[in-house]
Amino acid sequence: MYGFNYEVTLGIEIFDNCITLQDINTAIKKTFANSNPEEITPILVSVEDFWKQVNDTFDFRGDNNGVSLTLDDKQEKELRAKQGEIITYITNYLGAETKIYSFPFLEGVPGYPVFWEYRYAILNRLGTSLFFYGSSSD
């Protein structure tokens, strides 16, 4: 997603054998050496709030201050298809016991947050956990 004065970074990391927040912190630090998960207090979020933020960022088209993402019909369709792929992929890791934690102000992860950002740990106590991050910059 690139536009006028607008660029998006998205990523998903898969962490095996991460069943606690400490495990997630260790995996984040190992993957992103300059990150600071040990300094962050993760915030438990609902699945609904998680999806709302993710979908809102896919819907962001700019503001009235020189930032815009203008897509033609083909590009919009491609973006929605990619959004659907990401949603389907992440949904495969969500279950009744899954906990989703937001890591606000987590530094050292790819991307440069200006307009929006998120860093989520999707913690599964009996399997593979995910770290999903996104941000937009100018």
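Anyway, here's the lowdown on the structure attached to this text.

What about the packing of helix H2 (residues 47–59) against helix H3 (residues 73–91)?
Turning to step 1, where the next piece is worked out: Where H2 meets H3, the axes come as close as 11 Å, and the angle between the chain directions of the two elements is 160°. With respect to H3, the element H2 is oriented roughly antiparallel. When you trace H2 past H3, the crossing you get is right-handed. Contact residues: Phe50, Trp51, Asn55, Phe58 and Asp59 in H2; Leu79, Arg80, Gln83, Ile86, Ile87, Ile90 and Thr91 in H3.
Turning to step 2, where the next piece is worked out: Tallied by class, the residues present in the contact of H2 with H3 amount to seven nonpolar, three polar and two charged.

Some details on unusual backbone geometry
Turning to step 1, where the next piece is worked out: Positive phi, normally seen in glycine, also occurs at Asn17, with a value near 60°.
Turning to step 2, where the next piece is worked out: By relative accessible area, Asn17 is classed as exposed at 70%.
Turning to step 3, where the next piece is worked out: If you check the backbone angles, Phe105 has positive phi at about 65° while not being a glycine.
Turning to step 4, where the next piece is worked out: We classify Phe105 as exposed; its relative accessible area is 65%.

Describing the environment of Cys18
Turning to step 1, where the next piece is worked out: Mapped onto the elements of the fold, Cys18 is located in the loop between strand E2 (6–15) and helix H1 (21–31).
Turning to step 2, where the next piece is worked out: Residue Cys18 is classed as buried on the basis of its relative accessible area, which comes to 5%.
Turning to step 3, where the next piece is worked out: As for Cys18 and Gly127, which are separated by 109 residues in sequence, their C-alpha atoms are 7.4 Å apart.
Turning to step 4, where the next piece is worked out: Setting aside residues no more than four positions away along its own chain, Cys18 makes contact with Asp23, Ile24, Ala27, Leu123, Asn124, Gly127 and Ser129.

Considering the side chain of Ser102
Turning to step 1, where the next piece is worked out: Topologically, Ser102 is positioned in strand E4 (residues 99–102).
Turning to step 2, where the next piece is worked out: Here Ser102 falls in the buried class, since its relative accessible area comes to 16%.
Turning to step 3, where the next piece is worked out: Apart from the residues within four sequence positions on either side, Ser102 is in contact with Thr41, Pro42, Ile43, Val45, Arg119 and Tyr120.

Thresholds, definitions, all that
Every chain is numbered independently, its residues counted from 1 as its sequence is written. Two thresholds apply to this predicted model, a pLDDT of at least 70 for residue-level local features and 80 or more for giving and counting side-chain atom pairs, whereas whole-chain, interface and lining totals are computed over all residues. Derived side-chain values reflect all non-hydrogen atoms in the structure, with water molecules and hydrogen atoms excluded from consideration. To obtain an axis, a line is fitted to C-alpha atoms, over the contacting stretch when the element is a helix, and the angle between two such axes runs from 0 to 180 degrees between their N-to-C directions. Where helices and strands are cited, they refer to DSSP runs of H or I of at least four residues and of E of at least two residues respectively, numbered from the N terminus. Angle categories: roughly parallel below 35 degrees, roughly antiparallel above 145, roughly perpendicular from 65 to 115, and oblique for all the rest. Two helices crossing with the near one rotated counterclockwise from the far one by less than a right angle form a left-handed crossing, whereas a clockwise rotation gives a right-handed crossing. Only heavy atoms enter the contact rule, under which two residues are in contact if any of them lie within 4.5 Å. Side-chain classes are defined by residue name, with Ala, Val, Leu, Ile, Met, Phe, Trp, Tyr, Cys and Pro counting as nonpolar, Asp, Glu, Lys and Arg as charged, and the others, Gly among them, as polar. Buried, partly exposed and exposed residues are distinguished by accessible area as a fraction of the type maximum, computed with a 1.4 Å probe on protein chains only: under 20%, between the cut-offs, and over 50%, respectively.

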